[in-house]
Amino acid sequence: MAHWLAGSRDWQVCGTCCQLRGPFVWRLKGMAYDHVQECDCPRQRRTDGERPETWRGFDYNTVAELCQACGCRVLDSGSRFSIWFCRECRQRATDLNAELGRTLVPIGRHSILHGVASRTTPKPTEAEIGAFVNRFGALVERMRRLRDWGHVVVRRNLSTVGYADATEIALTDYLAAVSGIDRAGRSEEMVMWMTLDRHDLE
Ligand SMILES: [Zn+2]
Ligand SMILES: [Zn+2]
């Protein structure tokens, strides 16, 4: 866990959107910047054009998030190279992808672009471009599903540990409470979620 999170009682899991929020100080080139990470709730309420400026040194205004598979571990975030899983869940996802020979579970934004990057020399044929667009569309859809699962799993975890009705919970309390959750089981639930037919989700 990031050093600035350790022992901090100011970070919370939002009971509404299931995301992390809290204040932190970011040090960059000898400067200290005070930031507050918002959960999704205020972001949802903002109208287009009201987007706050992106923090210096970040690709998006997120410094920490929960593992997208098990929801039990805090990860560093905010870079386009950020990985969406804790070490164990990442290993399970890459093993599964290798076994299937395709990216069922994308592990990060960058890996997606990398995985479907269309080769440019020699010039791709129309069919190759079409295949690229299809694969990319499928991956974007899987990314969306994975994000949805990232919320669902935290909701399930909150319910499992008896916080189903909490409007917020201190992150340290949450992490302690979910330490006994079967994370491999959550990974399997994630894979089931990723492979459900679309109409099953509605
Ligand atoms: Zn929220
Ligand atoms: Zn995990």
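Keep in mind that what you see is a predicted model, and the values were worked out from it rather than measured. (Residues numbered from 1 in each chain as written. Chains lettered and ligands numbered in written order. Predicted model: local features only at pLDDT ≥ 70, side-chain atom pairs only at ≥ 80, totals over all residues.)

### Topic: the overall build of the protein chain
To be explicit about the condition: Every helix listed is a DSSP run of H or I at least four residues long, and every strand listed is a run of E at least two residues long, numbered separately from the N terminus. With C-beta atoms placed from the backbone, a residue is buried if 20 or more other C-beta atoms are within 10 Å of its own, exposed if 12 or fewer are, and partly exposed between those counts. Once C-beta atoms have been placed from the backbone, residue pairs whose C-beta atoms lie within 7 Å are recorded as contacts.
Along the backbone of the protein chain there are 7 helices and 6 strands. Written out in order from the N terminus, the α and β elements of the protein chain read β-β-β-α-β-β-α-α-α-β-α-α-α. Here the protein chain holds 202 residues, and the buried ones make up 23% of them. Taking all contacts inside the protein chain whose residues are at least 6 apart in sequence as the whole, residues at least 24 apart take part in 50%.

### A few points about unusual backbone geometry
The phi torsion at Cys 18 lies on the positive side, around 70°, for a residue other than glycine. By the secondary structure assignment, Cys 18 is in the loop between strand 1 (12–14) and strand 2 (20–28). Overall, Cys 18 belongs to the buried group, with 20 C-beta atoms counted inside 10 Å. Positive phi, normally seen in glycine, also occurs at Lys 29, with a value near 50°. Tracing the chain through its elements places Lys 29 in the loop between strand 2 and strand 3 (31–37). Lys 29 sits in the exposed class, given 6 other C-beta atoms within 10 Å.

### Points about the confidence of the model for the protein chain
Our working definition: In predicted models, pLDDT denotes the confidence assigned by the predictor to each residue on a 0 to 100 scale.
When pLDDT is averaged along the protein chain, the result is 86, and 88% of the positions lie at 70 or above. Across the protein chain, element-level confidence peaks in strand 1 with a mean pLDDT of 97 and bottoms out in helix 7 (residues 198–201) with 50.

### Quick look at the sheet that holds strand 2
To keep it simple, the criterion reads: By this definition, two strands are paired if DSSP reports at least two bridges between them. Inter-axis angles, ranging from 0 to 180 degrees, are taken between N-to-C directions of lines fitted to C-alpha atoms, where helices are fitted over the stretch in contact.
With antiparallel pairing, 4 strands are arranged side by side in an open sheet as 3-2-1-6. Since the sheet does not close on itself, it has two edges, and those belong to strand 3 and strand 6 (168–170), each with one partner. Looking at each pair of strands side by side, their axes are set apart by 25° on average, direction ignored. One ladder, built from 3 bridges, connects strand 1 with strand 6; its direction is antiparallel. Paired with Val 13 across the bridge in strand 6 is Ile 169.

### Focus: the packing of helix 2 (residues 87–100) against helix 6 (residues 183–195)
For clarity, the cut-off: Any angle from 65 to 115 degrees is called roughly perpendicular, while one under 35 is roughly parallel, one over 145 is roughly antiparallel, and all others are oblique. By definition, any crossing whose near helix is turned counterclockwise from its far helix by less than a right angle is left-handed, and any crossing with a clockwise turn is right-handed. Polarity classes work like this: nonpolar for Ala, Val, Leu, Ile, Met, Phe, Trp, Tyr, Cys and Pro, charged for Asp, Glu, Lys and Arg, and polar for all others, with Gly in that last group.
Between helix 2 and helix 6, the least distance of the axes is 10 Å, while the angle of their chain directions is 40°. Between helix 2 and helix 6, the angle is such that the two are oblique. Considering the relative orientation of helix 2 and helix 6, their crossing is right-handed. Along its contact with helix 2, which presents Glu 88, Cys 89, Arg 92 and Leu 96, the element helix 6 presents Arg 183, Ser 187 and Val 191. Looking at the contact of helix 2 with helix 6, its residues break down into 3 nonpolar, 1 polar and 3 charged.

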